[in-house]
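# Working through the structure, step by step
Here is how the chains run, residue by residue.
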Amino acid sequence: MKITAVETYKLLYPLSRTLGGSHYDYRERDFLLIKITTDDGLTGWGETALLGGVRSLIRDTLGPQLIGQDPRNHRKLWQRMW
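Figured I'd write up the structure that's included with this text. (Residues numbered from 1 in each chain as written. Predicted model: local features only at pLDDT ≥ 70, side-chain atom pairs only at ≥ 80, totals over all residues. Heavy atoms only, no water.)

### Thoughts on the overall build of the chain
Stated precisely, the cut-off is as follows: The helix and strand labels rest on DSSP assignments: H or I over at least four residues marks a helix, E over at least two residues marks a strand, and numbering proceeds from the N terminus. The quantity called the radius of gyration is restricted to C-alpha atoms. Its globule counterpart is 2.2 Å times the number of residues to the power 0.38. Partly exposed residues are those whose accessible area sits between 20% and 50% of the maximum for their type, while under 20% is buried and over 50% is exposed, using a 1.4 Å probe and protein chains only. We call two residues contacting when some pair of their heavy atoms lies within 4.5 Å. Here, Shrake-Rupley sampling with a 1.4 Å probe gives the accessible areas, and only protein chains in the shown set may cover a residue.
The number of helices and strands found in the chain is two helices and three strands. For the chain, the succession of helices and strands along the chain, N to C, is β-β-β-α-α. Since a compact globule built from 82 residues should have a radius of gyration of about 12 Å, the 16 Å found for the chain marks it as more spread out than a globular shape. Projected onto the principal axes, the alpha-carbon positions of the chain cover approximately 45 × 25 × 20 Å. In the chain, which comprises 82 residues, the proportion classed as buried is 18%. For the chain, the proportion of contacts with a sequence separation of at least 24, taken over those separated by at least 6, is 47%. On the chain, roughly 6,200 Å² of surface is accessible, and the fraction owed to carbon and sulfur atoms is 52%.

Structure follows, in structure tokens:
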């Protein structure tokens, strides 16, 4: 089994009411979904905060390191990306 694709999806949805603290009001929630697909047709999903540069880091650096790798070697892959 080999990883064939790493894709990111930016999601944004409005909140039913404004949330926040003393410095900022949140009227919407945004986050980033990561989809990893294998040549066996298996798909895995993950979620992370949509912080500056995270999407491009996954797309341009971390994702390419995963292509062709066996997802069952998760410890090895984690160390490689770290």
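Moving on from the model shown.
### Thoughts on the side chain of D70
Let me state the cut-off plainly: Polar contact criterion, stated in full: a pair of N or O atoms within 3.5 Å, where within protein one must be able to donate a hydrogen and the other to accept it, and residues adjacent in sequence count only if both atoms are side-chain atoms.
Among the structural elements, D70 can be located in the loop between α1 (54-66) and α2 (74-81). A polar side-chain atom of D70 sits 2.9 Å from the main-chain amide nitrogen of R72. Here D70 is in contact with M1, K2 and L77, once residues within four sequence places are set aside.

### Things to note about the pairing of strand β1 (residues 3-20)
Just so we agree on the cut-off: Only strands that DSSP links by at least two bridges are regarded as paired with each other.
The pairing of β1 with strand β2 (residues 25-38) spans 13 bridges and is antiparallel. Paired with Y13 across the two strands is R29, which belongs to β2. Linking two consecutive strands that pair antiparallel, namely β1 and β2, is a turn of four residues.

### Thoughts on the environment of L77
By the element assignment, L77 lies in helix α2. Residue L77 is classed as buried on the basis of its relative accessible area, which comes to 6%. Taking C-alpha positions, L77 is 8.4 Å from Q65, a pair spaced twelve residues apart along the chain. Setting aside residues up to four positions removed in sequence, L77 forms contacts with I3, L66, Q69, D70 and P71.

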